[in-house]
Amino acid sequence: MGNSKINSKIIFSHNLEQELLKWIGKYNPGKIFLATEETVNELWISKFEGFIKTNGIKKVVIPAGENNKKIESVAKIWEFLSQNGGDRKSLLINIGGGMLTDLAGFAATTFKRGIDFLNVPTTLLSQVDASVGGKTGINFGGFKNEIGTFKEPVAVIINTDFLKTIDKENFISGFAEMIKHGLIYSPEHLDELKRFDLEDIDYDLLQEIISHSVQVKEYFVANDPTEKNIRKALNFGHTIGHAFESYAWNQNRPIQHGHAVAYGMIAELYLSVKICNFPQSDFQNLTNWLLKLYGKFQISANDFDSLFELMTHDKKNEADRINFTLLSEIGKIEINQNCERDLIYESLVNYVNL
Ligand SMILES: NC(=O)c1ccc[n+]([C@@H]2O[C@H](COP(=O)([O-])OP(=O)(O)OC[C@H]3O[C@@H](n4cnc5c(N)ncnc54)[C@H](O)[C@@H]3O)[C@@H](O)[C@H]2O)c1
Ligand SMILES: [Zn+2]
C-alpha cells in the first residue's frame, strides 16, 4: 500500500501535453489509457485529440455528475481496459473533477490488482483537495465514498487553465476548502485568499495560491495518512457542514459541498470561541467574510433536531459523542473536542440570527 507516505508527484504546469509526454515515455506504446467525463470531454479533451491520436491513447468517457460515481461506471472502465489490452504495466490518465478522479482512480487500483494512474484535476475542489491524500472511491448503497482504496497516483498535474470554464458556484465551493486550509494551518495563506480578487481571476497567481493550499493538505496527510489523529484537522467545518449538505439534499434544495463547509465553519468557529478561546474579533470578521462569499442557507429552529441527528451519523464520530476539530487561533488546531448538544444548538442559533 502506498499510504505510508506521500509518494506521488504534484506538478504545477500550464503545459499539459509536455508534462504528460514525460510520463507517457515510461510506459509501452499502446498501454496508455485516458478516462474522462462528458462535460470535460466536450470542453477540453477535444483540444487534445491530435495529441491523443499521435500517442496511441485510448479513451473512455463516463457521464458527468456525482450520481455517476457508482459501481456501473467502474465496470465500464474495467471493461474498456480489459477489451483494449490493458495489463499490469498500463497507465490510466484521469482527467476531470473529483467525481472522475475518485472513480477512475478506484477502477485503476482494482484492475488486475492495481495499475498506475495519473490525475489531472479540472475543478478547483479537485485541485486543492481530491488531488492529495490518495483516497479513491465510489458511492454505494446510498452512502458517499462507501467503497474505496488508499493509493497515490504516480503524478498529479495541476493546471489552472481548466478553471476558466467552471462556474462561479463550483469555483467558490473549492475556494471554501482553501479557506479551511488557511484556518487550520496558515494565517499567511488565509490572508492571500482574502486579498484574492474573485471578480477578476488571475490564473497565474491562482496557480501559486493553490500550491500553498495543497502544501497544507500534504502536511496533514503525510503526518497521519490513515486519519488517526492530526489529519482530523482537515475535517474542520465538516461535522456540521456535512449535516447541512445532507439536510439540504434531503429537502430537495441541494447546496455545493464547499458552501456547506462554509456554513459548517461558521458554526464550528462559534464552538471554537466557546471551548477553545478562539478570538471573538477574528470570529466576527471571518463570519462576515464567509457570509459575503456564500450567502446563507436558510434554516430555522425547527430544523435543529434533524441537523443534530445527521451530525451523530457522521462516520468520524467515536461512540455517541460528537467529536470536532476546533481552533484556538487561526492556524492552531485542537483535535478531539467533544461538544454537548446544547452548545451545538447554541451555535445553530447563532447561525440563524446572522
Ligand atoms: N479523494 C479525495 O480526497 C476527495 C476530496 C474531496 C472531494 N472528493 C470527491 O470529489 C467529488 C467532488 O468534486 P468536484 O466538485 O470536482 O465534482 P465533479 O467532478 O462532479 O465536478 C463538478 C462539476 O464541474 C464539471 N466540470 C469539471 N471540470 C470542469 C471544467 N474544467 N470546466 C467546466 N466544468 C467542469 C463537472 O462535469 C461537474 O458538473 C466528490 O465525489 C467528492 O467525494 C474527493
Ligand atoms: Zn470537504
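Higher on the page you've got the structure.
Here is a short report on the structure shown in this document.

What counts and what doesn't
Residues numbered from 1 in each chain as written. Chains lettered and ligands numbered in written order. Predicted model: local features only at pLDDT ≥ 70, side-chain atom pairs only at ≥ 80, totals over all residues. Heavy atoms only, no water. Phe/Tyr/Trp six-rings, centres within 6.5 Å; stacked < 30°, edge-to-face > 60°. Helix = DSSP H or I, 4+ residues; strand = E, 2+ residues; numbered from the N terminus. Buried < 20%, exposed > 50% of the residue type's maximum accessible area, 1.4 Å probe, protein only. Lys NZ or Arg CZ within 6 Å of the ring centre and 35° of its normal. Near = heavy atom within 4 Å. Polar contact = N/O pair within 3.5 Å; in protein donor to acceptor, adjacent residues only side chain to side chain. Areas by Shrake-Rupley, 256 points an atom, 1.4 Å probe, with all protein chains shown as cover. Nonpolar A, V, L, I, M, F, W, Y, C, P; charged D, E, K, R; others polar. Salt bridge = Lys/Arg side-chain N within 4 Å of Asp/Glu carboxyl O. Contact = heavy atoms within 4.5 Å. Pairing = 2+ DSSP bridges. Axes fitted to C-alpha atoms, helices over the stretch in contact; angles between N-to-C directions.

### Considerations on the packing of aromatic side chains
- Enumeration according to the criterion identifies 14 aromatic pairs in this entry.
- Centre to centre, the rings of Phe171 and Phe175 are 6.5 Å apart; their planes meet at 25 degrees, and the pair counts as stacked. Of the two residues, Phe171 and Phe175 both sit in helix α7 (residues 168-185), 4 residues apart, roughly one turn of that helix.
- The class for Phe171 is buried, based on a relative accessible area of 4%.
- Ring pairing ties together the aromatic residues Phe244, Tyr263, Phe297 and Tyr351, which thus form one cluster.
- Geometry around Tyr203 places Lys164 over its ring, the cationic atom sitting 5.3 Å from the centre.
- Taking the ring centre of Trp289 as reference, the NZ or CZ of Lys194 above it sits at 5.8 Å.

### Comments concerning the site of ligand 1
- Neighbouring residues of ligand 1: 25 residues in total, closest Glu37, Glu66, Lys69, Thr123 and Thr165.
- One of the side-chain nitrogen or oxygen atoms of Thr165 is found 2.6 Å away from a nitrogen atom of ligand 1.
- Across the complex, the protein chains shield 85% of the 860 Å² of accessible surface that ligand 1 would expose by itself.
- Taken together, the elements giving at least two residues each to the shell around ligand 1 come down to α2 (38-43), α5 (98-110), α6 (124-130) and β7 (143-150).
- Here the residues of the shell around ligand 1 are counted per class, giving 9 nonpolar, 8 polar and 8 charged.

### Details of the pattern of salt bridges
- The final tally for this structure, using the stated rule, is 11 salt bridges.
- Of the charged contacts in the structure, one is a salt bridge between Lys217 and Asp129, with a shortest N-O distance of 2.7 Å. In this pair, Lys217 is assigned in helix α9 (residues 203-223) and Asp129 in helix α6, connecting sequence segments 88 residues apart. Considered together, Lys217 and Asp129 belong to a single accessibility category, that of buried residues.

### A look at the environment of Leu124
- Relative to the helices and strands, Leu124 resides in helix α6.
- For Leu124, a relative accessible area of 0% gives the class buried.
- Between the C-alpha atoms of Leu124 and Leu206, which are 82 residues apart in sequence, the distance is 10.0 Å.
- Sequence-distant contacts of Leu124, that is, excluding residues within four places in its chain, are made with Leu163, Ile166, Phe171, Gly174, Phe175, Met178 and Ile210.

### Re the sheet that holds strand β3 (residues 58-62)
- Pairing is parallel across the open sheet formed by 6 strands, whose spatial order is β1-β8-β5-β4-β2-β3. The sheet is open, and its two borders are formed by β1 (9-12) and β3, each paired with just one other strand. Strand-to-strand twist in this sheet, taken as the mean axis angle between neighbours without regard to direction, amounts to 20 degrees.
- Along the sheet face, helix α1 (residues 16-24) touches β1, β2 (32-37), β4 (91-96), β5 (116-121) and β8 (155-158) and points at about 170 degrees away from the line of β8.
- Here α9 sits on the sheet in contact with β1 and β8, set at roughly 165 degrees to β1.

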